Structures are given as C-alpha cells and as structure tokens.
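Residue-level structure breakdown
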Amino acid sequence: MDRNTLIQNLKDYQTSGWDIIVIGGGATGLGVALDAVTRGYKTILLEQSDFAKATSSRSTKLVHGGVRYLAQGDILLVTEALRERGIMLKNAPHLTANQEFVIPVYTYWDVFLYTVGLKFYDLLAGRLSLGKSYFLNRTRTLSRLPLLKPEGLKGGIVYHDGQFDDSRMAITLALACVEKGGTVLNYFKVNSFIKDEKGKITGVRAKDIESGTEYTIQGKLVINATGVFADQIHRMDDPLTRQSIRPSQGVHVVLDSSFLQSSSAIMIPKTDDGRVLFAIPWYGKVVVGTTDTPLNDITLEPKALDEEIDFILRTAGRYLTKSPGREDVNCIFAGLRPLAANPDKPEATKEVSRRHKISLSPSGLLSIIGGKWTSYRRMAEETIDRAIKSGIIERKKCVTANFSFYSDNKKLKSERLKIYGTKAGEIEKMIIEQPPLGELIDKRLPYTLAEIIWICRNEIPCSLEDVLARRTRALFLDARASREAGPVVAEIMAKELGYGKEWQYRQIADYNRLMDNYL
Ligand SMILES: Cc1cc2nc3c(=O)[nH]c(=O)nc-3n(C[C@H](O)[C@H](O)[C@H](O)COP(=O)(O)OP(=O)(O)OC[C@H]3O[C@@H](n4cnc5c(N)ncnc54)[C@H](O)[C@@H]3O)c2cc1C
C-alpha cells in the first residue's frame, strides 16, 4: 500500500464516483470493503484514525463460537460463529491458531454441566470442530496447568477454540482490499453527507487528517461501519435519530508467561459477578480479561477503570498460585463493545445480544453494527446482500468464504514472520542481505529493524503508535519496552517516510503521553 497512490485513486474517481463508500476501518468496515471489492464493486473505505485503532485491536483475540452465548441459549449465534471460526482459520492460518482451553471445575455438578455443554458446542461445530472436548481428572488438570490452585479442584474440561492477532488481521484485510483494486485510506474522517433534492445520500465530505485537505466523494451506496461511533454517523444523516448503540467497556491486562506456565488457556465461566474470565497465552505473554462495564463516553482511547484492573487481578489471583499485582502488568488495554441496544428495554450489558444489526435509513444510509470479530465475514456478506436486495447495487456473488489470505511460507527460517503472510520472505531477504537489520528494536520485544522498514514501505503507518500498537503488537505485549523502542522506531520511520527530526520528536512525545492509558 502507498498512501499517495491511494489518494490519487480517490482523485481519479472524483467525477465518476464509487459504487460503495465504507465509513470505518475496523473489522466490520474492512470486511465489508473486501466483500465488496472481491464481488467487483468500485469500493473506497475511509477511516478517521488508523485501521483497527478502536475496538478491533482491543479484543480478547478469540475466533470463537462463544461458549458463554451457548449458556445464554443463543444457539443460532453460536452456530453461525462456529462456521465463521472454521472459515477464518482456513483462510488466514498465518494469523490464527487452534487454542486449547481448560475450564477448572470445583463441583461434580459443574463437571456434568460443562461436559454436556461443551459436547453440544463440539456438535454445533460439526465438521469444523477444532478438537473434541473431554474431562481431565484433577492430577492431569494440574499437570496441564501447573499454576492452578489445587484447593477444592475436581478436574478440568478441555475444549478448543480459535485465537488470532486482531490488528494484524485488520491490516491484512486492508492489504487484500488494495490488492484486489479497492482503495482504503486511514486518517480520513467523514464529516458530513451529500444529499440530492429528494434527501437521498449521494456521497460524503471527508478530510485527510494528515494534510488537512477536504474531499467530496460521490457514491451509489454509503455504508456506516463505525462500531461504537455509529450513532454519530446516524445523527449526521438525521439529527433526531434515537440511540442504537450501548457501549460496554472490556479491559484486559497482559502478564508475563510465568503467571500461567502453560500452552493451555484457562476459562473461568462464572466469576463472582457472573462474568467470564480468560487467561490466554499470546505471543509468549498471557492476556487476562475481560470486564463488561456500561459507559456513556465514546472515545478512540478508552481508559481502564481502577476497579476493572483490580477485579481482573483479584480474580486471576483466586485461581493462580502466583498471584499477579499491579507491578506485574506489562500492558492494560480497554475496548468498547458496540452492542446493539434496544432503547425501550435497558438491560445489563452482559445480557445484551452480541448479534449484529443491519438497517437502512430513509436517506439510503446502510448501517451495520454490533456483532463480533469472528463473524466479520458473514456480517459483511449480509450487508452487501442487503444492499443488493434493496436494489441499490446490481447483484454480484459473494466470494469471501474461499478467499485465502495466505500462500505457503514453508521456506521461512523464522516462523514468527509468517504474520506477514505472502510477504514474509521479503523481510527475511532484507535480513539476509543486511544482517544488522535483523537486530531487535528492543531486547524484550521480538520485532526486528527490517520489519519496521518493511512496514513503512508497505502498510501505510502514519504515526509511531500505528507501528508499535497495530502493525507490530509491541505496545500490547510490553508497553514499557515499546516506549523504550520508540526513538529507534521513530528514527527509521522518519527516514523511510521522509520526515525531519521535529516529526520524530513529536511522535516520541505523543507516544509517551499515550502510555498513561496502557500502564
Ligand atoms: C473487550 C472486548 C473483547 C472482545 N473480544 C472479542 C473476541 O475475542 N472475539 C471476537 O470475535 N470479538 C470480540 N470482540 C468484539 C469485536 O472486537 C468487535 O465486534 C469488533 O472489533 C468491532 O469492529 P467494528 O469495525 O464494528 O468497530 P471498530 O473497530 O470500533 O471500528 C469502527 C471504526 O470506525 C471509525 N470511524 C468512526 N467515525 C468515523 C468517521 N466519521 N469517519 C471515518 N471513520 C470513522 C473509527 O475510528 C473506528 O476505527 C471484543 C470486543 C471487546 C470490546
């Protein structure tokens, strides 16, 4: 991807217009854009910040049917998600993994309940099952999870789900869109709609945040895929729109792997206040979370509440022999769930359905809200199908179920580089040709200088944060180490992107300020 070329595409289509304009560059918007591009529609996506800056880089990183939704009786949601889980693992094997989970059980009733429940989960997955669930006795559970507290433990139920790298998946979707002829632009904020004399939307006005230039972009169809921000876009269309989103904050903390010492994840199905808590190995660390806190404030940088951090650490400490404290936390991250709310029926957020909603406004704005990362492809397919059904665009067939993001990278020396998919070999070649580029950006982080150069040349990062938080996951793995790597990375970026010292220092200062939210 090259940002200048993408902006030139935007200018080239200024008069002829686009078939589809997508607002929002998270999982939903990128999924919709890829679905549209691969069906053959002229498509542009506009993201006000970086791709996956909001909720889509702050998930639990599970590609799952949702054991919890099964307990809530939402069988259709679980069945759909399990099918999508299978498709995502097949199409993006370089960014996903089959993860084993153990549910520790403390009563014989729970042994029965979770064994039966997970057998049903296996059954719903059918051919796409990632492995059968089964009961482990106490001794075997403790050998699988050596740091699990043994008191009162009856055993564990093993089951399988998928795991992934959320923001790398988002960047991969963006790259695939461009490769297939689409245009995706980060740091492009949509500020208003253009309407014809009948009040129908015919395009948007958007601002390139990097240059300050304003653009008028015409299109047959505008899709609102802005997650928790969806109501702001609805109000641009009709100031009297009722609230349709009920944001709920979820927090995770990232700990050193010594707190789990296992390749199996732990799933606690019911904490003190009825939530689910996971402790999942991820890139050599452990991600622990999450919470479910209703909030009214919608922002790109949500901040964990003290009580949320305390709850996660306290609950983890109840199950683990090595109890984590605040000083052990490598990173704290918070995300906002775009739950589709029913304004007539206020409910506790953990009971609100995770199902997505598609709606078409009288002016022709098509909105897709709610849902989950796992189901992004299916949500995208339904959204474009809805536009076809409404007669806005001509019929074309969806092809994403068999769209592979990956080609064989067997020849790679470094297994870790496979996250770059088909391009991983290019990074390895850079290191072979110039061995100093194989040095790490910080000894506590796995990323090399070559990766930073390659990212700058191919993945349109505009800020230091884009590289450290979403192109690499340095911020999430170890926020302090990422802060210390900041100057090295900013220097490479300035050189690659053609900026001076002043830009470099500003990036470092902005990044250091951001750390308040993650430490
Ligand atoms: C704590 C937590 C854990 C989760 N865990 C999982 C999980 O393990 N597995 C799973 O499947 N799902 C999970 N989810 C759900 C999943 O992360 C979300 O459903 C998904 O990321 C939502 O994507 P989105 O694109 O709809 O929203 P977002 O990622 O928020 O994207 C919306 C984008 O729209 C942009 N935007 C807003 N206004 C404008 C504008 N005016 N112009 C241009 N752009 C604009 C925003 O900047 C933003 O980037 C989790 C969610 C949370 C909060």
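Here the structure is shown first, and the text comes after it.
Residues numbered from 1 in each chain as written. Predicted model: local features only at pLDDT ≥ 70, side-chain atom pairs only at ≥ 80, totals over all residues. Heavy atoms only, no water.

**Description of the overall build of the protein**
Across its full length, the protein holds 16 helices and 18 strands. Radius of gyration (C-alpha) of the protein: 23 Å, near the 24 Å computed for a compact globule of 519 residues. In terms of its C-alpha atoms, the protein occupies a principal-axis envelope of roughly 70 × 55 × 45 Å. When contacts within the protein are restricted to residue pairs at least 6 apart in sequence, long-range pairs at least 24 apart make up 71% of them. When the accessible surface of the protein is split by element, carbon and sulfur atoms take 52% of a total near 21300 Å². (Helix = DSSP H or I, 4+ residues; strand = E, 2+ residues; numbered from the N terminus. Rg over C-alpha atoms; globule rule 2.2 N^0.38 Å. Contact = heavy atoms within 4.5 Å. Areas by Shrake-Rupley, 256 points an atom, 1.4 Å probe, with all protein chains shown as cover.)

**A short note on the environment of Gly284**
Position of Gly284 relative to the elements: it lies in the loop between β13 (277-282) and β14 (285-289). The exposed category is assigned to Gly284, whose relative accessible area is 53%. The spatial distance from the C-alpha of Gly284 to the C-alpha of Ser257 is 6.1 Å, given a sequence separation of 27 residues. (Buried < 20%, exposed > 50% of the residue type's maximum accessible area, 1.4 Å probe, protein only.)

**Thoughts on the nonpolar core**
Counting residues in each nonpolar core, the largest one holds 110 residues, and the members touching the most others are Leu46, Met169 and Ile217. With eight residues, the top contributor of residues to this core is helix α15 (residues 479-497). In this structure Met169 touches Met88, Ala92, Leu95, Phe164, Trp373, Tyr376 and Phe405, once residues within four positions along its chain are discounted. Judged by nonpolar contacts, the second largest core, of 29 residues, contains Leu136, Leu142, Leu277 and Val288. (Core = buried A, V, L, I, M, F, W, Y, C linked by side-chain atoms within 4.5 Å.)

**A few points about the site of the ligand**
Lining the immediate environment of the ligand, one finds 37 residues, of which Thr28, Glu47, Ser56, Leu62 and Thr374 sit closest. One of the backbone nitrogen or oxygen atoms of Gln48 is found 3.0 Å away from a nitrogen atom of the ligand. Between the ligand and Ser56, the relevant distance is 2.5 Å, taken from an oxygen atom to a side-chain nitrogen or oxygen of the residue. Relative to its unbound accessible surface of 1000 Å², the ligand loses 97% to contact with the protein. Looking at the shell around the ligand, the elements that each hand over two or more residues are α2 (27-39), β8 (188-195), β11 (245-256) and β16 (331-340). Classifying every residue of the shell around the ligand by side-chain character gives 13 nonpolar, 18 polar and six charged. (Near = heavy atom within 4 Å. Polar contact = N/O pair within 3.5 Å; in protein donor to acceptor, adjacent residues only side chain to side chain. Nonpolar A, V, L, I, M, F, W, Y, C, P; charged D, E, K, R; others polar.)

**Side note on a nonpolar patch on the surface**
Together, Trp109, Phe112, Leu113 and Val116 give the surface a local cluster of nonpolar side chains, amounting to about 430 Å² of exposed area. As for its position among the elements, Trp109 is in helix α5 (residues 108-125). (Patch = residues over 30% accessible without salt bridge, like charges linked within 9 Å, V, L, I, M, F, W, Y side chains within 5 Å. Salt bridge = Lys/Arg side-chain N within 4 Å of Asp/Glu carboxyl O.)

**So, the side chain of Glu465**
Mapping Glu465 onto the fold places it in helix α13 (residues 464-471). Exposure remark for Glu465: the relative accessible area of 15% places this residue in the buried category. Within the structure, the side chain of Glu465 is placed 2.8 Å from the side chain of Lys53, a separation counted as a polar contact. Residues in contact with Glu465, not counting those within four places in the same chain, are Lys53, Glu301, Arg470, Tyr511 and Leu514.

**Some thoughts on the side chain of Ser463**
Mapped onto the elements, Ser463 comes out in the loop between α12 (449-458) and α13. Residue Ser463 is classed as buried on the basis of its relative accessible area, which comes to 13%. Here Asp466 takes part through its side chain, which lies 3.1 Å from a polar atom of the side chain of Ser463. With residues near it in sequence (within four places) discarded, Ser463 still touches Tyr187, Met493 and Gln507.

**Let's talk about the pattern of salt bridges**
In total, this model carries 35 salt bridges according to the counting rule given. Two residues, Glu80 and Arg355, come together in a salt bridge whose shortest N-O distance is 4.0 Å. Note that Glu80 is positioned in helix α4 (residues 75-91) and Arg355 in the loop between β16 and β17 (356-360), a separation of 275 residues in sequence. For Arg355, a relative accessible area of 26% corresponds to the partly exposed category. The partner of Asp442 in a salt bridge is Arg444, with the nearest N and O atoms 3.0 Å apart. Through salt bridges that share partners, Asp50, Lys53, Arg58, Glu301, Glu465, Asp466, Arg470 and Arg471 make up one connected network.

**Overview of the packing of α13 against helix α16 (residues 501-514)**
Two elements in contact, α13 and α16, have axes whose closest approach is 8 Å; the angle formed by their N-to-C orientations is 45°. In terms of orientation, α13 and α16 fall into the oblique class. On α16, the residues touching Leu464, Glu465 and Leu468 of α13 are Gln507, Ile508, Tyr511 and Leu514. Residue classes in the contact of α13 with α16 are distributed as five nonpolar, one polar and one charged. (Axes fitted to C-alpha atoms, helices over the stretch in contact; angles between N-to-C directions. Parallel < 35°, antiparallel > 145°, perpendicular 65-115°, else oblique.)

**A word on the packing of helix α7 (residues 166-179) against α13**
With their axes 8 Å apart at the nearest point, α7 and α13 run at an angle of 110° to one another. Considering their axes alone, α7 and α13 lie roughly perpendicular with respect to each other. Between α7 and α13, the residues in contact are Ser167, Arg168 and Ile171 and Ala469, Arg470 and Arg471, respectively. Class assignment of the residues belonging to the contact of α7 with α13 gives a composition of two nonpolar, one polar and three charged.

**Topic: the packing of aromatic side chains**
Applying the stated criterion to the full structure yields 15 aromatic pairs. On the basis of an interplanar angle of 85° and a centroid distance of 6.1 Å, the ring pair of Tyr121 and Tyr159 is categorised as edge-to-face. Placement of Tyr121 in helix α5 and of Tyr159 in strand β6 (residues 155-164) is noted, with a sequence separation of 38 residues between them. Given the relative accessible area of 2%, Tyr121 is considered buried. Exposure remark for Tyr159: the relative accessible area of 1% places this residue in the buried category. One aromatic cluster is present, formed by Phe101, Tyr121, Tyr159 and Phe278 through successive ring pairs. In this structure, Lys61 packs its charged tip against the face of Trp282, placed 5.2 Å from the ring centre. (Phe/Tyr/Trp six-rings, centres within 6.5 Å; stacked < 30°, edge-to-face > 60°. Lys NZ or Arg CZ within 6 Å of the ring centre and 35° of its normal.)

**Regarding helix α10 (residues 376-389)**
Given a rise of 1.5 Å per residue, 14 residues ought to cover 20 Å, and the 20 Å separating the end C-alpha atoms of α10 matches this to within 8%. Of the residues making up α10, those classed as buried are Tyr376, Arg377, Met379, Ala380, Thr383, Ile384, Ala387 and Ile388. Gly391 sits one or two positions beyond α10 and adopts a positive phi of about 80°. (Expected span 1.5 Å × (residues − 1).)

**Describing unusual backbone geometry**
Look at the link from Gly289 to Thr290: it is a cis peptide, with omega at 25°. Even without a glycine there, the phi angle at Tyr283 is positive, about 45°. The backbone of Ile460 sits at a positive phi, close to 30°, despite the residue not being glycine. The residue Ile460 is located in the loop between α12 and α13 in this model.

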